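Coordinate inspection notes
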Amino acid sequence: MTSIKAVGAGISPRRPASRRRNAGPYVWLIPAFALLLFVVGYPIIENINASFTTAAGGTDQYVGLAQYKSMLSDPLFYHSVLLTIYWTVGVTALQFLLGAVAALAADRSSWFVRRIRPVLIIPWVLPGVVVANIWVVFYNEDGLVNSLLSLVGIHSDQAWLANQNTALPAVILAAAWKGFPFYFLLLLAGLQSVPVETREAAKIDGANSFQTLKGVVLPQMKAIVITSLVLGVIATSNYFDGIYLMTGGGPSNATLTLPVWLYNTAFSEFDIAKASALSVIILLIVLVPVIIRLIAQRKRSRR
Amino acid sequence: MRNIRKIGVAAMAAAMVLTVASCSSSSSGSAAPSKELSVWIPSDDSGRVAAYIAAFNTSHPGYTVTLRQIPFAQYDNALGQAFRAGQGPDIAQINGTTFPSFASKGYLQPIVPIVGDTGELATANFYPNLYQAAAFDGKQLSLPIDTGTRVMQYNKKLLAKAGVAPFGETTSYADLLSAAQKVRALGDKYQGFCYVGGDKWYTVNSNAGPFVIQSGGAFMNKEQTKATLDTPEAEAGFNFFKSMAATGDKSNLVATASSTCVEGFGAGTVGMQFDGFWDIPSKDKASATDFELGQTMPKDKTTYSSTGGWVLGVPTYVKSDKFDVLKTFVNDMYAPKNIVQFTGLMPATKSGRDAATALKAPQYDIYWKILNENANNPIPLNANLVAQANLLMSTMQSVIQGTQSTKAALAQAQTAFDATLTK
């Protein structure tokens with residue numbers, strides 16, 4: 001014991017010099033983190049706080065969970081949640097499919113492909129208002145869709161956005177057209193990052209194109225596919241402008257997804273407290289794919 | 001370490017200075033009367049209001065009134081956010097249909113104690129129903145500025161082309177429907193009756209709403225405790241509207257702007273529209289004589305809607321130091337020659353009529369007549385009017401699509417409407 005004391009007696013209780021040196025950069029990061037916390041965290045906390053209130057007498061009064069209870073007892077909420085799921089799955093699936101097909105087709109170097117690649121990005125670059133206007137005209141009774149149908153012998157005077165059975169699929173199709181270049185770009189980048197040697201090795205081993213794609217290319221693109229889908233689901237479930245501009249949530253609430261309902265509640269009914277509660281619920285829903293992604297990532301990193 | 005401490009002390013000092021500064025700048029409740037007034041209105045392209053404000057500032061030395069104009073599409077939002085934040089105009093023009101939303105949240109304070117009720121502001125000088133529509137929960141929280149009456153407008157030339165005999169003084173539902181169908185029969189580019197279904201207020205004021213009233217129906221009982229959508233009268237109103245809508249383009253069902261109908265009416269491809277005087281085609285689009293505003297129903301059953309006018313309100317956050325300038329400004333604003341600058345059309349004051357020179361033409365007489373009849377709002381003002389309007393819009397869309405029978409759609413709406421009354 002004595003010898004141990006003797007050894008320790010001359011040593012300063014301060015941390016090793018190397019660790020002290022490493023702490024410096026973190027101190028300088030504090031302002032950035034504080035700013036980030038303020039910019040991101042404060043609005044979220046304010047929003048959650050507002051969801052426990054109601055406007056009365058010119059001020060906000062605390063009502064606990066009343067807004068949430070009221071919303072969860074409203075059949076329109078469940079209708080809107082189902083629509084949002086239908087919308088998110090439909091748009092994401094279509095966009096991914098179109099993007100994947102386009103990426104596979106463009107994953108080669110030829111004169112034509114080099115020139116067609118920028119063209120494929122145009123829908124993504126166009127402003128949402130422009131795209132909505134284009135598709136509204138397409139879907140009118142005398143629009144392009146009905147004209148194309150008549151070319152193949154199907155006479156239709158359907159106003160596609162004005163029918164509650166066709167409005168949501170019509171809006172999904174328009175959104176898929178607008179957003180597929182996002183997947184196209186990411187998947188093309190993913191495809192081009194797969195080492196050529198691995199493909200050639202598969203070819204030498206006798207694998208055909210599909211087998212190479214399935215067994216060699218896709219496993220190497222798993223991370224980019226999952227990341228793009230998570231980002232896509234988040235963006236799609238929050239998508240607002242296209243639906244609002246094309247249908248306003250109608251007809252008969254057939255396209256009233258949660259973001260459109262949130263907008264109507266906040267800026268049409270001016271019920272900010274109810275809208276805040278709704279936005280908290282949307283936040284929780286959107287967090288689901290993020291959490292799944294994080295869990296998957298952690299599991300992978302443990303292996 | 002010493003530097004960090006210095007920075008911390010400096011930051012704390014700066015925060016204290018900012019806090020003190022912000023406290024002092026927000027103390028609007030101080031005793032000294034303020035001579036400054038901030039007025040918000042929806043954008044006025046004519047420039048008349050701005051000219052009036054400039055004239056007021058010149059004729060009232062010592063007072064400074066500033067005008068902020070916000071585009072119509074963003075106006076309700078801007079007001080809502082300002083009211084909620086407690087920072088914004090000292091007095092504002094407010095859409096009569098969003099007024100109850102603001103009033104029910106306590107965002108507006110009684111205006112009469114501030115501006116008085118003598119001279120032009122005497123209760124008797126206002127059209128009674130407009131004055132009533134500017135009150136909420138028994139309190140006069142605003143003053144009416146103008147009226148947003150709608151009537152059936154029809155294109156005489158186009159109706160004649162379709163072989164429709166002149167309507168004359170009165171017309172029945174059957175006559176109107178027959179005329180609309182004949183115009184539609186002229187070809188695909190023609191619409192007998194053009195409606196806009198994609199905006200809640202159109203449903204209340206310009207679509208099914210007025211026809212329910214016209215048919216003797218209502219949306220709720222007088223006590224506002226029970227919906228009355230399941231009545232035969234309401235069903236008749238919806239059914240007639242559905243028949244009329246069938247002579248127009250279905251795409252309008254989800255249109256979010258009324259411009260397509262107005263443009264079509266001006267271009268001579270729309271036979272009829274239910275609209276206000278502000279959408280009568282101007283002379284540069286077509287000959288003014290092509291169009292007529294018709295009293296389209298027997299005298300005791302005029303098809304109209306009186307809602308949609310503007311009111312003037314003072315937010316709750318405005319303190320008493322502003323009351324002097326508010327009183328001076330509002331009393332001057334309601335002088336006949338001035339109030340018409342704010343409406344340009346039909347002022348809510350009886351004394352303002354003579355100054356409304358823009359509406360002297362005989363074709364506008366019907367609007368004055370309706371004003372004199374003290375037409376009621378299709379839906380009585382209440383805190384959940386917007387939700388009710390949304391519900392009616394959705395119901396109207398179901399009825400027009402034919403996905404549900406009118407009776408079934410209204411029965412379903414009845415339950416949802418009742419829920420808005422118990423909130």
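Up top is the structure these notes are about.
Residues numbered from 1 in each chain as written. Chains lettered and ligands numbered in written order. Predicted model: local features only at pLDDT ≥ 70, side-chain atom pairs only at ≥ 80, totals over all residues. Heavy atoms only, no water.

As for the side chain of Asp418(B)
Residues and elements named next belong to chain B. Where we set the bar: Numbering goes from the N terminus for both helices and strands, where a helix is a DSSP run of H or I of at least four residues and a strand is a run of E of at least two. Only protein chains enter the accessibility calculation, which uses a 1.4 Å probe; a residue whose area is less than 20% of its type maximum is buried, one above 50% is exposed, and one in between is partly exposed. Whether two residues are in contact is decided by their heavy atoms: any pair within 4.5 Å suffices.
Considering the arrangement of structural elements, one finds aspartate 418 in helix H17 (residues 406-422). Owing to a relative accessible area of 17%, aspartate 418 belongs among the buried residues under this scheme. Contact partners of aspartate 418, with chain neighbours within four places excluded, come to Thr225, Lys226 and Ala227.

A short note on the pattern of salt bridges
All names here are of chain B. Threshold: In the sections that follow, a salt bridge refers to a side-chain nitrogen of Lys or Arg positioned within 4 Å of a carboxyl oxygen of Asp or Glu.
Under the counting rule described, the total for this entry stands at 7 salt bridges over all chains. Among the ionic pairs, lysine 226 bridges to aspartate 418, the shortest N-O distance being 2.9 Å. Residue lysine 226 is located in the loop between helix H10 (208-214) and helix H11 (232-245), and its partner aspartate 418 is located in helix H17; the two are separated by 192 residues in the primary sequence. With a relative accessible area of 39%, lysine 226 lands in the partly exposed category. Across the pair glutamate 235 and lysine 407 runs a salt bridge, and its minimum N-O distance is 3.9 Å. In this pair, glutamate 235 sits in helix H11 while lysine 407 sits in helix H17, placing the two residues 172 residues apart along the sequence. Of the residues examined, lysine 407 reaches a relative accessible area of 56% and is grouped as exposed.

Examining the nonpolar core
Stated precisely, the cut-off is as follows: Residues grouped as a nonpolar core are buried Ala, Val, Leu, Ile, Met, Phe, Trp, Tyr and Cys residues, joined through side-chain atoms within 4.5 Å.
Among the nonpolar cores identified, the biggest contains 119 residues, and Phe329(B) and Tyr334(B) are the most heavily contacted of them. Looking at this core, the element that brings in the most residues is helix H16 (residues 385-401) of chain B, giving 8 residues. Excluding residues that lie within four positions of it along the chain, Phe329(B) makes contacts with Leu37(B), Val39(B), Tyr52(B), Ile53(B), Phe56(B), Val65(B) and Phe342(B). Among the nonpolar cores identified, the runner-up in size contains 31 residues, and Val171(A), Met246(A), Leu278(A) and Ile282(A) belong to it.

A look at the pairing of strand S2 (residues 59-62) of chain A
Residue and element names in this part refer to chain A. As a reminder of what qualifies: Two strands are said to pair when DSSP picks up at least two bridges between them.
Taken together, the 4 bridges between strand S1 (residues 53-56) and S2 define a ladder with antiparallel strand orientation. Within the sheet, the bridge partner assigned to alanine 55 lies in S2 and is aspartate 60. From the end of S1 to the start of S2, which pair antiparallel, there are 2 residues, and glycine 57 there has a positive phi angle of about 65°.

Quick word on the interface of chain A and chain B
One widely used convention gives an interface's size as the accessible area the parts lose upon coming together. Quick reminder of the rule: Throughout, the accessible surface (probe 1.4 Å) given up by two parts as they are put together, summed over both, is called the buried area. Polar contact criterion, stated in full: a pair of N or O atoms within 3.5 Å, where within protein one must be able to donate a hydrogen and the other to accept it, and residues adjacent in sequence count only if both atoms are side-chain atoms. Side-chain classes are defined by residue name, with Ala, Val, Leu, Ile, Met, Phe, Trp, Tyr, Cys and Pro counting as nonpolar, Asp, Glu, Lys and Arg as charged, and the others, Gly among them, as polar.
The interface is formed by 31 residues belonging to chain A together with 28 residues belonging to chain B. Across the interface of chain A and chain B, roughly 2,400 Å² is buried in total on both sides, 49% from carbon and sulfur atoms. Interface area lost by chain A to chain B is led by Glu141(A), Glu269(A) and Phe270(A), which between them contribute 25%. The interface formed by chain A and chain B includes 1 salt bridge. Seen at the junction of chain A and chain B, the total is 11 residue pairs in polar contact (both at pLDDT 80 or more). Going through the elements one at a time, helix H2 (17-50), S1, helix H13 (241-247), helix H14 (258-267) and helix H15 (272-302) of chain A are the ones with two or more residues in the side of chain A that touches chain B. In terms of residue count, the dominant contributor to the side of chain A that touches chain B is H13(A) (4 residues). Of the residues belonging to the side of chain A that touches chain B, the class tally is 15 nonpolar, 10 polar and 6 charged.

What to know about the pairing of strand S11 (residues 310-315) of chain B
Residues and elements named next belong to chain B. Most of S11 is tucked away: 6 of the 6 residues are buried. Of the two faces of S11, both are covered, the one formed by Trp310, Leu312 and Val314 as well as the one formed by Val311, Gly313 and Pro315. As defined by bridge partners, strand S3 (residues 91-95) adjoins S11 across 4 bridges and the pair is classed as antiparallel. Bridged to asparagine 95 within S11 is tryptophan 310. With 2 bridges connecting them, strand S4 (residues 108-109) and S11 associate as antiparallel partners. Paired with leucine 108 across the strands is proline 315, a residue of S11. The pairing of strand S5 (residues 142-144) with S11 spans 3 bridges and is classified as antiparallel.

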